[in-house]
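Take a look at the letters that make up each chain.
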Amino acid sequence: MNPFRSPDTDLPLSHALILKTALLTIGYIEENGPIGLTPAKALKRYFVAWAAEAFDWPAYTVEYLYAVNKVLNEHDFPPLVILHEVLLSAKLARHFKGTLRLTDLARQLKSEPARLWILLTTHLLFVVDHSPYTRSDEPLFGNWDIFLNVINIEAQAAVTEERLCAVLYGGEEEDIRHRDFKLTASLYVHVLRPLCWAGLLNEHRTGTGLNRRDFYTKTALWTAALKLETDRHLQPMTRH
């Protein structure tokens, strides 16, 4: 599927973390040269340490990362793991002689942020396999056409993971919240987190521990970038 409007559209990209961090990585390589890889083809620690500070990723701050790790390897910083996969999948970077190097496509798109964002987001949502980051071996049933069109309606104001699971798979929201942790976690990892990292959804957290609730709202980028079948069913937002 291709839900994106023309890449020539002027898109509000300020919340798109995947674009921000891709541009930072491209800039780093242009300034410092290729990034070294470990024998397992992970990014070397010196770059992980730089990225942790430069990316300033919400929920993965430098303070948080070093609170649970004495030194940072790539797998300790999940957003960097995903970014690395996306850059390779989108052919914006490649492994060569023990390093991560830019491709000509990355250099070309560096000055075309809308086109670069669409390429990155296409691979983040539709190509990269997020299942290694779940605790369940069960696949998440559904497809992106369904997910995007349902969220388009449900997140017009604000929606929880439990509400989306109830709409997509049936059941009562409270039952899902208290008993079906695997389903909500799988929806988060496969769908909601990538949409947040792409800048299409905002995540709002309230409470702590068992009382924590997560709400999701569409960003201005969602409306500007996506063209969906359910758009015709949306009612204008009432603002007071």
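Cut-offs used in this document
- Residues numbered from 1 in each chain as written.
- Predicted model: local features only at pLDDT ≥ 70, side-chain atom pairs only at ≥ 80, totals over all residues.
- Heavy atoms only, no water.
- Helix = DSSP H or I, 4+ residues; strand = E, 2+ residues; numbered from the N terminus.
- Rg over C-alpha atoms; globule rule 2.2 N^0.38 Å.
- Buried < 20%, exposed > 50% of the residue type's maximum accessible area, 1.4 Å probe, protein only.
- Contact = heavy atoms within 4.5 Å.
- Areas by Shrake-Rupley, 256 points an atom, 1.4 Å probe, with all protein chains shown as cover.
- Lys, Arg positive; Asp, Glu negative; His and termini not counted.
- Charge placed at Lys NZ, Arg CZ, Asp CG, Glu CD.
- Core = buried A, V, L, I, M, F, W, Y, C linked by side-chain atoms within 4.5 Å.
- Domains from an automatic or database assignment.
- Salt bridge = Lys/Arg side-chain N within 4 Å of Asp/Glu carboxyl O.
- Pairing = 2+ DSSP bridges.
- Phe/Tyr/Trp six-rings, centres within 6.5 Å; stacked < 30°, edge-to-face > 60°.
- Axes fitted to C-alpha atoms, helices over the stretch in contact; angles between N-to-C directions.
- 1 Å grid on protein atoms, 1.4 Å probe; cavity = no way out; pocket = protein on both sides within 12 Å on 5 of 7 lines; lining within 4 Å.
- Points joined across faces, edges and corners; volume = space filled by probe spheres on them.
- Nonpolar A, V, L, I, M, F, W, Y, C, P; charged D, E, K, R; others polar.

**Looking at the overall build of the chain**
Moving on, step 1. Regarding its fold elements, the chain presents eleven helices and six strands.
Moving on, step 2. Against the compact-globule benchmark of 18 Å for 240 residues, the chain has a radius of gyration of 19 Å, which places it among compact chains.
Moving on, step 3. For the chain, the spread of C-alpha atoms along the three principal axes comes to 50 × 40 × 35 Å.
Moving on, step 4. For the chain, with 240 residues in total, the buried portion stands at 47%.
Moving on, step 5. Once local pairs closer than 6 in sequence are excluded, the contacts in the chain between residues at least 24 apart make up 63%.
Moving on, step 6. Working note: accessible area of the chain is about 13,000 Å², and carbon and sulfur atoms make up 52% of it.
Moving on, step 7. In the chain, which carries 26 positive and 28 negative side-chain charges, the distance between the mean positions of the two groups comes to 5 Å.

**Focus: the nonpolar core**
Moving on, step 1. Of all hydrophobic cores here, the largest spans 74 residues; its most connected members are Phe77, Trp117 and Leu195.
Moving on, step 2. At nine residues, the largest contribution of residues to this core is made by helix α10 (residues 181–197).
Moving on, step 3. Mapped onto the domain boundaries, this core takes at least three residues apiece from domain 1 (17–128) and domain 2 (133–233).
Moving on, step 4. If sequence neighbours within four positions are ignored, Phe77 has contacts with Val48, Ala51, Ala52, Phe55, Trp57, Tyr60 and Leu65.

**Some points on the environment of Leu168**
Moving on, step 1. Among the structural elements, Leu168 can be located in helix α8 (residues 161–169).
Moving on, step 2. For the pair Leu168 and Phe147, spaced 21 residues apart in the sequence, the C-alpha separation amounts to 8.1 Å.
Moving on, step 3. In contact with Leu168, other than residues within four places in its own chain, are Ile146, Phe147, Val150 and Leu187.

**Concerning the pattern of salt bridges**
Moving on, step 1. Inspection of the entire model under this criterion finds nine salt bridges.
Moving on, step 2. Between Asp104 and Arg107 there is a salt bridge, with the nearest N and O atoms lying 3.5 Å from each other. Pair noted here: Asp104 and Arg107 are both in helix α5 (residues 104–109), with a separation of three residues, about one helical turn.
Moving on, step 3. Residue Arg107 is classed as partly exposed on the basis of its relative accessible area, which comes to 42%.

**Here's the deal with the sheet that holds strand β4 (residues 159–160)**
Moving on, step 1. Judged by pairing direction, the sheet is antiparallel, and its three strands sit side by side in the order β4-β6-β5 without closing on themselves. The two strands at the open ends of the sheet, each matched to only one other strand, are β4 and β5 (201–206).
Moving on, step 2. Both β4 and strand β6 (residues 213–218) contribute to a ladder of two bridges, which runs antiparallel. Bridge pairing in β6 places Thr160 opposite Phe215.

**A short note on the packing of aromatic side chains**
Moving on, step 1. One pass over the structure, following the stated rule, counts twelve aromatic pairs.
Moving on, step 2. When the centroid spacing of 6.3 Å and the interplanar angle of 45° are considered together, the rings of Phe4 and Phe126 count as tilted. Placement of Phe4 in the segment before α1 (17–32) and of Phe126 in helix α6 (residues 113–126) is noted, with a sequence separation of 122 residues between them.
Moving on, step 3. Exposure remark for Phe4: the relative accessible area of 9% places this residue in the buried category.
Moving on, step 4. Judged by its relative accessible area of 26%, Phe126 is partly exposed.

**Focus on the sheet that holds strand β1 (residues 35–36)**
Moving on, step 1. On the basis of which strands lie adjacent, the open sheet formed by three strands has the order β1-β3-β2 and antiparallel pairing. Each edge of the open sheet is held by one strand with a lone partner, namely β1 and β2 (93–96).
Moving on, step 2. Here α1 sits on the sheet and contacts β1 and β3 (99–102); the angle it forms with β3, its principal contact strand, is near 100°.
Moving on, step 3. Contacts from helix α4 (residues 78–89) reach β2 and β3, with the element oriented near 95° to β2.

**Some words on the layout of surface pockets**
Moving on, step 1. Reported here for the second largest pocket is a volume of approximately 470 Å³.
Moving on, step 2. As for the second largest pocket, its lining consists of 18 residues, and the residues nearest its centre are Trp57, Pro58, Ala59, Trp197 and Glu203.
Moving on, step 3. Broken down by secondary-structure element, the contributors of at least two residues to the lining of the second largest pocket are α10 and β5.
Moving on, step 4. When the residues that make up the lining of the second largest pocket are grouped by side-chain class, the tally is eleven nonpolar, four polar and three charged.

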